[in-house]
Amino acid sequence: YQAVIVRPDGTYEYRDIDLNGDETTHMVQNFEADRKYTVVETTAPDGYYWTADGDVNATGTEDHVTTMTDNSINYQIAKVDDNGDYVKGVRLQLTDVTDKDNPVAVELPNNGVTTDEPFLLENKLIADHKYELVESEYVAGLYQATSMTFTVPHSGTSEVTTITMKDVLTNVAVTKVDNYGKP
């Protein structure tokens, strides 16, 4: 991903940071003493939220450290009925629909077939992207759920966010009547 160093005079320089995913500390040199610099992330890695800007106050000849943390994007998808019980055997499809002309399927655990636990998606979604969740196959005794969309926000914590898709139980009422329509 990339970051921008904003100098006190408003000029800036781009820095490539962690291009191959194995770096954690980045040395920036030649700051003027007694000046404030701002480090701004311009691209967040896939699977992570954007970090807040970091300030560096350069004083004298000391080394200065600013810590910028990209929190991981962790979602879970729960498939429940209107009683709150997990629905097993339903096939779900999740698609990144940010670019309407080029939707991208997101691989779900268990080939998208629900179990008695929610699907956990750790670092699989992208900040600022819009997703559509569709029930492509459903089970007897339940109405097919309406498709739903959600957008992963620009920033957030590493706490798990739950998306719940609810199926409504089918209800059948039988009333026995005579040939005159009376019970």
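The following paragraphs examine the structure supplied in this document. (Residues numbered from 1 in each chain as written. Predicted model: local features only at pLDDT ≥ 70, side-chain atom pairs only at ≥ 80, totals over all residues. Heavy atoms only, no water.)

Quick look at the overall build of the chain now. Along the backbone of the chain there are 0 helices and 11 strands. Each helix (α) and strand (β) of the chain, taken in turn from the N terminus, gives the series β-β-β-β-β-β-β-β-β-β-β. Classification of the 183 residues of the chain by burial places 28% in the buried group. Taking all contacts inside the chain whose residues are at least 6 apart in sequence as the whole, residues at least 24 apart take part in 60%. Surface exposure of the chain reaches about 12000 Å², of which carbon and sulfur atoms provide 45%. (Helix = DSSP H or I, 4+ residues; strand = E, 2+ residues; numbered from the N terminus. Buried < 20%, exposed > 50% of the residue type's maximum accessible area, 1.4 Å probe, protein only. Contact = heavy atoms within 4.5 Å. Areas by Shrake-Rupley, 256 points an atom, 1.4 Å probe, with all protein chains shown as cover.)

This part covers the sheet that holds strand β5 (residues 74–81). Here 3 strands make up an open sheet; going across it, the order is β8-β5-β11 and the pairing mixed. A single partner strand is all that each edge strand has here, and the edge strands are β8 (119–122) and β11 (160–167). Between one strand axis and the next, the sheet turns by 20° as a mean value, whatever way the strands run. Of the pairings in the sheet, the one linking β5 to β8 comprises 4 bridges and is antiparallel in character. Counterpart to N74 in the pairing with β8 is E122. (Pairing = 2+ DSSP bridges. Axes fitted to C-alpha atoms, helices over the stretch in contact; angles between N-to-C directions.)

We now examine the pattern of salt bridges. As enumerated under the stated definition, the model contains 4 salt bridges in all. K36 serves as the salt-bridge partner of D55, at 3.5 Å between the closest nitrogen and oxygen. Of the two residues, D55 is situated in strand β4 (residues 54–58) and K36 in strand β3 (residues 35–41); the sequence distance between them amounts to 19 residues. For D55, a relative accessible area of 40% corresponds to the partly exposed category. Two residues, R91 and E137, come together in a salt bridge whose shortest N-O distance is 3.3 Å. Within this pair, whereas R91 is found in strand β6 (residues 91–96), its partner E137 is found in strand β9 (residues 130–137), the two being separated by 46 residues in sequence. According to the relative accessible area criterion, E137 is partly exposed, its value standing at 42%. One network of salt bridges, with partners in common, ties together K79, E135 and D167. (Salt bridge = Lys/Arg side-chain N within 4 Å of Asp/Glu carboxyl O.)

One finds Y75, I77, L92, L94, L125, F150 and V152 to be the most contacted residues of the largest nonpolar core, which totals 22 residues. Where this core is concerned, the elements lending two or more residues are β5, β6, β8, β9 and β11. The residues touching F150, leaving out its near neighbours within four places in the chain, are Y75, L94, L125, H129, K130, Y131 and I163. Counting 5 residues, the second largest nonpolar core, distinct from the first, contains Y37, V39, V56 and A58. (Core = buried A, V, L, I, M, F, W, Y, C linked by side-chain atoms within 4.5 Å.)

What follows deals with the sheet that holds strand β7 (residues 104–106). If you trace the 4 strands from one edge of the open sheet to the other, you get β7-β6-β9-β10, paired in antiparallel fashion. With one partner strand each, in any of the chains shown, β7 and β10 (148–151) form the two edges of the open sheet. On average, adjacent strands in this sheet sit at an angle of 30° to one another, irrespective of strand direction.

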